[in-house]
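Architecture at a glance
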Amino acid sequence: MVSIRDLKQIRPFEWEIPLSYRSDMRVPVRIIASEELLKDVTRDKSLPQAVNASTLPGLVGQVVVMPDMHQGYGFPIGGVAATRYPDGVISPGAIGYDINCGVRLLSSRLSHQEVQPYLADLASALNQYCPSGVGQGGHLQLSIKEVEEVLRDGSSWALREGYAQQEDLDRTEESGRISGADPSEVSHRAKSRGRDQVGTLGSGNHFIEVDLVEKIFDQRAADAMGLREGDIALQIHCGSRGFGHQVCTDYVKSFQSAVNRYGIELPDRELVCAPLDSPEGKSYLAAMRCAANYAFANRQVLTHFARRAFESALAGKVQDWHLHQVYDVAHNMGKIETHLVDGQQIKVCVHRKGATRAFGPGAEDLPAVYKEIGQPVLVPGSMGTASWVLVGTEESMHRSFGSSCHGAGRTMSRTQAKKTVWGEDLRDELERSGIAVRAGSMAGLAEEAPVAYKDVHAVVDAVTDAGIAKKVALLKPLGVIKG
Amino acid sequence: MTLKTWAGFEEIDHTADLELKIWGEDIALLFEQAALGMKDLLQVEAVSPQEGSIVKNFSVEGIDIEGLLVSFLSELLYYLETENLVVQEVNLHFEEKKSLDARIRCQRVSSYLREIKAVTYHNLEIRKTEQGWTANLVFDI
């Protein structure tokens, strides 16, 4: 295990595991954290997993791990790694099974006071309109040909079908459609699994949350995002569902033999990878992009049904119930981007697993509205606590390949959480504190209890004090919908 | 007199995902325990009434014995997600260490609490012990 003694402090809130720690490391590991959060980090296997990740061929700069890191499988959650394009590798396990799991935030002109009398109805309507839970299909049943359109076009497909507004796409990472997606690189099995899951939330830590914009920290950025103190906002957290899980499963399997063909030796088989310019690497990239588009379309269709839920619960009772897109951003993704490495702008494949893209002001890929303030970074906290809206900075471009944290980060196993908390007690406690809870399973609710997570404020303080993101707004939950 | 079979599974603490330790006297028993252990993690609440068992026959391949185990369990996850089937009884026939023919008796479930996204290869190594075979499996959930 890596101990605190093995870490070297580089600057405030940034630590390093140097190359000398293990002979197979290709780059150092940099950890963004406060001293307090470091203690949590050394309790599980996140750091040994980060050291394993640093052995991937073609890595440049450093592997960065965020303060919400925790142990995963292969690559740690909260990890960022960039490989040189096109001769470096791409690793499906370093992106995760839930490809383009991400968060969408919508704003409103609806005040807390206005919505309060109808909050329970609104939570019930969201629960009714937005399918959630284990094994649940959605409102749509697509043919394989239609699934392929979703894979190619993502949110553009949703716009054509009447599930989106143009402003939604304008305020989505990659406009909700990442190019280079090729459905012919995806198995029939994955497409079959995708037929009835567009517009479904799933289970686990996925949620829809009605929030209050409690405090603004950066007025200019909040104005650009349409966030106003005292108003209601909505968060949607989910990914590419069974479709993405199958794509990753298929490619982790086929890469088991690819590593032998390319003579790649790894400390963990879950890190299997292939050069970006190899036939295997190109196929995975094209398939992963299909899953990314599937997830964008999924969150877009959920947004459509969330809007219908708002209308059904609030029309005629409040002045303006409409929801406007703030941003939609991935936190499990591999992206080809250009970054400054050793004084040179080079093309790399940035693997982010449980880490959010956090581009600073002026970055090329940002929509005009966010060009000057930087990219919105959405950081949902644990259930019933708080969430943060941040923006990326110049510093994040130099130090973390334009990335920041993605949430609070677990510290306790699901089994332990259930031993500590009863789902029914937790629901009652949340309801008493004014949060409407709609959950498919009480055991599932207990597994997601706030006690199982780090303090999201400490995590956000670490990334903002480190300088890789800036605070814009604090959100407090009013209603939680979980599968 | 019959001796008690050395086979079983046990959940191991993991910060975010689920981990199982599995063991069996022979490889077939080890695979069976992996299937039963994975079913246990799903937390099946209810089975569909008035429906008997359903038999599935399939073959899977893997680059080695560990790859074969992941492929076998991934196949069961696919039947779960597409047909709501969970395993009741397992009958396996191995062809060397790289392929197997499976005959699985399944039950259709109407409600289960946990969604398993995938079976991972994380640190997966099937080890020989004095009593048989053992491995640790991590599931992404």
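Check the entry above for the structure.
Calculation rules
Residues numbered from 1 in each chain as written. Chains lettered and ligands numbered in written order. Predicted model: local features only at pLDDT ≥ 70, side-chain atom pairs only at ≥ 80, totals over all residues. Helix = DSSP H or I, 4+ residues; strand = E, 2+ residues; numbered from the N terminus. Buried ≥ 20, exposed ≤ 12 C-beta atoms within 10 Å, placed from the backbone. Contact = placed C-beta atoms within 7 Å. Rg over C-alpha atoms; globule rule 2.2 N^0.38 Å. Core = buried A, V, L, I, M, F, W, Y, C linked by C-beta atoms within 7 Å. Arc of directions from axis to C-beta. Nonpolar A, V, L, I, M, F, W, Y, C, P; charged D, E, K, R; others polar. Axes fitted to C-alpha atoms, helices over the stretch in contact; angles between N-to-C directions. Parallel < 35°, antiparallel > 145°, perpendicular 65-115°, else oblique. Left-handed = near helix turned anticlockwise from the far one by under 90°. Pairing = 2+ DSSP bridges.

**Focus on the overall build of chain A**
Within chain A one finds 16 helices and 19 strands. The principal-axis extents of the C-alpha atoms in chain A amount to approximately 65 × 50 × 45 Å. Relative to its 483 residues, chain A shows a buried fraction of 65%. The contacts in chain A between residues at least 6 apart in sequence include a share of 77% that link residues at least 24 apart.

**Quick look at the overall build of chain B**
Along its length, chain B carries 2 helices and 9 strands. Each helix (α) and strand (β) of chain B, taken in turn from the N terminus, gives the series β-β-α-β-β-α-β-β-β-β-β. In terms of overall size, chain B behaves like a compact globule, its C-alpha atoms giving a radius of gyration of 15 Å where 141 residues would be expected to give roughly 14 Å. The principal-axis extents of the C-alpha atoms in chain B amount to approximately 45 × 35 × 35 Å. Within chain B, buried positions represent 47% of all 141 residues. In chain B, the proportion of contacts linking residues at least 24 apart, taken out of those at least 6 apart, comes to 63%.

**Some words on the environment of leucine 20 of chain B**
All names here are of chain B. With respect to the element layout, leucine 20 can be found in strand β2 (residues 18–24). Exposure remark for leucine 20: the 21 C-beta atoms within 10 Å place this residue in the buried category. Sequence separation between leucine 20 and glutamate 10 is 10 residues, and the spatial gap between their C-alpha atoms is 5.6 Å. When neighbours within four sequence positions are excluded, leucine 20 is seen to be in contact with Phe9, Glu10, Glu11, Ile12, Gly37 and Leu137.

**Considerations on the nonpolar core**
In this structure, Val247 and Ala306 of chain A are the most contacted members of the largest nonpolar core, which totals 218 residues. Of all the elements, helix α11 (residues 279–314) of chain A adds the most residues to this core, at 19 residues.

**Structural notes on helix α16 (residues 456–466) of chain A**
Owing to its 3.6 residues per turn, the α-helix brings residues three or four apart onto one side. Residues and elements named next belong to chain A. Taken together, the buried positions of α16 are occupied by Val456, Val459, Val460, Ala462, Val463 and Ala466. Around the axis of α16, the buried residues are gathered within 155 degrees of arc, so they sit on the same side. One or two steps after α16, the chain reaches glycine 467, where phi turns positive at roughly 95 degrees.

**Examining the interface of chain A and chain B**
The interface of chain A with chain B comprises 36 residues on the first partner and 29 residues on the second. When residues of the side of chain A that touches chain B are traced back to their parent elements, those giving at least two are β4 (63–73), α8 (188–193), α10 (241–261), α13 (414–420) and α15 (442–447) of chain A. With 8 residues, the single largest contributor to the side of chain A that touches chain B is α10 of chain A. Looking at side-chain class alone, the side of chain A that touches chain B contains 7 nonpolar, 20 polar and 9 charged residues.

**Some remarks on unusual backbone geometry**
Among all residues except glycine, the phi angle is most often negative; among peptide bonds, the trans geometry is most common. Residue and element names in this part refer to chain A. Look at the link from tyrosine 85 to proline 86: it is a cis peptide, with omega at 5 degrees. Within the secondary structure, proline 86 is located in the loop between β5 (75–84) and β6 (89–90). For asparagine 100, which is not glycine, the phi torsion reads 55 degrees and is therefore positive. Within the secondary structure, asparagine 100 sits in the loop between β6 and β7 (102–111).

**Things to note about the environment of aspartate 140 of chain B**
Take aspartate 140 of chain B: it is sitting in strand β9 (residues 133–140). Exposure remark for aspartate 140 of chain B: the 24 C-beta atoms within 10 Å place this residue in the buried category. When the C-alpha positions of aspartate 140 of chain B and isoleucine 54 of chain B are compared, they lie 27 Å apart, and in sequence the two are 86 residues distant. The residues contacting aspartate 140 of chain B, other than those within four sequence positions of it, are Tyr73 and Tyr97 of chain A together with Asp17, Lys117, Ala118 and Thr120 of chain B.

**Here's the deal with the packing of α10 of chain A against helix α2 (residues 65–83) of chain B**
One can describe the packing of α10 of chain A onto α2 of chain B by two numbers: an axis separation of 11 Å at closest approach and a directional angle of 165 degrees. With respect to α2 of chain B, the axis of α10 of chain A lies roughly antiparallel. α10 of chain A and α2 of chain B meet at a crossing whose hand is left-handed. Mapping the contact onto sequence places Gly242, Thr249, Lys253 and Gln256 of chain A in α10 of chain A and Gly67, Ser71, Ser74 and Glu81 of chain B in α2 of chain B. Its residues placed into classes, the contact of α10 of chain A with α2 of chain B shows no nonpolar, 6 polar and 2 charged.

**As for the pairing of strand β5 (residues 85–95) of chain B**
All names here are of chain B. The pairing of β5 with strand β6 (residues 99–112) spans 10 bridges and is antiparallel. Bridged to asparagine 91 within β6 is arginine 103. Between β5 and β6, which follow one another and run antiparallel, lie 3 residues, and glutamate 96 among them has a positive phi close to 55 degrees.

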